[in-house]
Amino acid sequence: MTRDARARGFAVPAVNILDDLSLRAVIAAAVRARSPLIVQVSVKTVRSVGTDLMTTTFQSAAERADVPVALHLDHCPDRAVISDVVRAGWSSVLFDASDRSLDDAERETAEVVAEAHARGVDVESEIENIVGVEDGVGSDVALHSYDVATLAAVAERTGVDLLAPQLGTAHGEYKARPVLRPDRVRELAALSDRPIVLHGGTGLSREDFRSFIEAGVAKINISTAVKVAYMRSAETHLAGARARDKWDPPSMFRDISDAVTSAIAECIDEFGSAGRA
Ligand SMILES: [Zn+2]
């Protein structure tokens, strides 16, 4: 999916979901726009829902979609969780080795690639840490940074499928304008033909996305936008319910679903993935 996106000059939206409601809402946005889609799940959500329930819920929702939809495990430093979803047949995993030294990161990434590829599962690699804490994983400061030649060489030796380098973005909502590094994407893309992933996409402009995609980004992660759309629509709904003293959960689910679908429809439009499925 992402190799095709890189060749054709767009990015696949990779959207973090929290439950079946947000799962069905993001798939609806992809189906409506004829966009390929990567559904992502944080380790925290996998742990709370359980791998089996998450897998069957995804399969049931995805098999009714007539666009390609993949299931991806987001930032995971925990090898046991990786093994669990690889066994369950997920499409891909992000092995987050950014808390390890370079030597350990390379050795363990190669082990994860061997285990995942044996089951036909792709591996996204992160050895530099992307700034910001997301669902309990990560750090607010840059702990490990390397030059792009090192990133490309490690990718070649470990055999990973996708690369998640530091690109100036951060997880969460931006308090100040970030210094974006599409130049770094371009340098890395010249050394490696592996699709490059942009994390921390929430809050960037259409022009920012365009410059990253033109440089070689083929997967853009969206998490905070889903959380904000979800909670703000619930907040608005609950204020109305209180005012009318009318408490009807299904109508709140509809409002949340509509808000999440619209937020993702906007991303699909910005990433150029509409009509590409
Ligand atoms: Zn991320």
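Because the structure is a prediction, the values reported are computed rather than measured.

Enquirer: Tell me about the coordination of the zinc ion, and please be specific about residues and values.
Expert: Working reference: metal with six octahedral donors, ideal angles 90 or 180 degrees; metal with four tetrahedral donors, ideal angle 109.5 degrees. With distances of 2.0 to 2.1 Å, the protein atoms coordinating the zinc ion are H75 (NE2), H171 (NE2) and H199 (ND1). In terms of primary sequence, the donors binding the zinc ion are separated according to H-x95-H-x27-H. Of the two residues, H75 is situated in strand 3 (residues 69-76) and H171 in the loop between strand 6 (162-163) and helix 8 (182-191); the sequence distance between them amounts to 96 residues. Relative accessible area serves as the criterion here: at 6%, H75 is assigned to the buried category. Its relative accessible area of 11% is what places H171 among the buried residues.

Enquirer: Go over the packing of helix 2 (residues 20-33) against helix 4 (residues 51-62), please, and point to the residues and values.
Expert: The geometry of a pair of packed helices is captured by two quantities: the angle between their axes and the separation between those axes. Following both chains from N to C, one finds helix 2 and helix 4 inclined at 30°, their axes separated by 10 Å at the closest point. Here helix 2 lies roughly parallel to helix 4, going by the angle between them. Once helix 2 is placed against helix 4, the crossing between them reads as right-handed. Of helix 4, the residues touching helix 2 (which contributes D20, L23, R24 and I27) are T57, F58, A61 and A62. Here the residues of the contact of helix 2 with helix 4 are counted per class, giving 5 nonpolar, 1 polar and 2 charged.

Enquirer: Account for the environment of A61, with residues named and values stated.
Expert: Along the polypeptide, A61 turns up in helix 4. In this structure A61 comes out as buried when scored by relative accessible area, which is 14%. The sequence separation of A61 and D19 amounts to 42 residues, and the corresponding C-alpha distance is 12 Å. Setting aside residues up to four positions removed in sequence, A61 forms contacts with L23, R24 and I27.

Enquirer: Could you give me a rundown of the side chain of S233, with the residues and numbers involved?
Expert: Structurally, S233 can be placed in helix 10 (residues 224-244). Here the side chain of S233 touches A229 through a polar contact of 2.8 Å, landing on its backbone oxygen. Other than its neighbours up to four places away in sequence, S233 contacts D255, I256 and A259.

Enquirer: Lay out the pattern of salt bridges with the relevant residues and their values.
Expert: Scanning the model with the defined rule gives 19 salt bridges in all. A network of salt bridges, in which partner residues are shared, links R79, D99, R100, D104, R107, E108 and E111.

Enquirer: Give a detailed account of the environment of D74, specifying residues and quantitative values.
Expert: Here D74 shows up in strand 3. For D74, a relative accessible area of 2% corresponds to the buried category. Separated by 46 residues in the primary sequence, D74 and G120 place their C-alpha atoms 17 Å from one another. With residues near it in sequence (within four places) discarded, D74 still touches N16, Q40, V41, S42, V43, L94, E134, H199 and N221.

The rules behind each value
- Residues numbered from 1 in each chain as written.
- Predicted model: local features only at pLDDT ≥ 70, side-chain atom pairs only at ≥ 80, totals over all residues.
- Heavy atoms only, no water.
- Donors = N, O, S within 2.8 Å, 3.2 Å for Na, K, Ca; no water.
- Helix = DSSP H or I, 4+ residues; strand = E, 2+ residues; numbered from the N terminus.
- Buried < 20%, exposed > 50% of the residue type's maximum accessible area, 1.4 Å probe, protein only.
- Axes fitted to C-alpha atoms, helices over the stretch in contact; angles between N-to-C directions.
- Parallel < 35°, antiparallel > 145°, perpendicular 65-115°, else oblique.
- Left-handed = near helix turned anticlockwise from the far one by under 90°.
- Contact = heavy atoms within 4.5 Å.
- Nonpolar A, V, L, I, M, F, W, Y, C, P; charged D, E, K, R; others polar.
- Polar contact = N/O pair within 3.5 Å; in protein donor to acceptor, adjacent residues only side chain to side chain.
- Salt bridge = Lys/Arg side-chain N within 4 Å of Asp/Glu carboxyl O.

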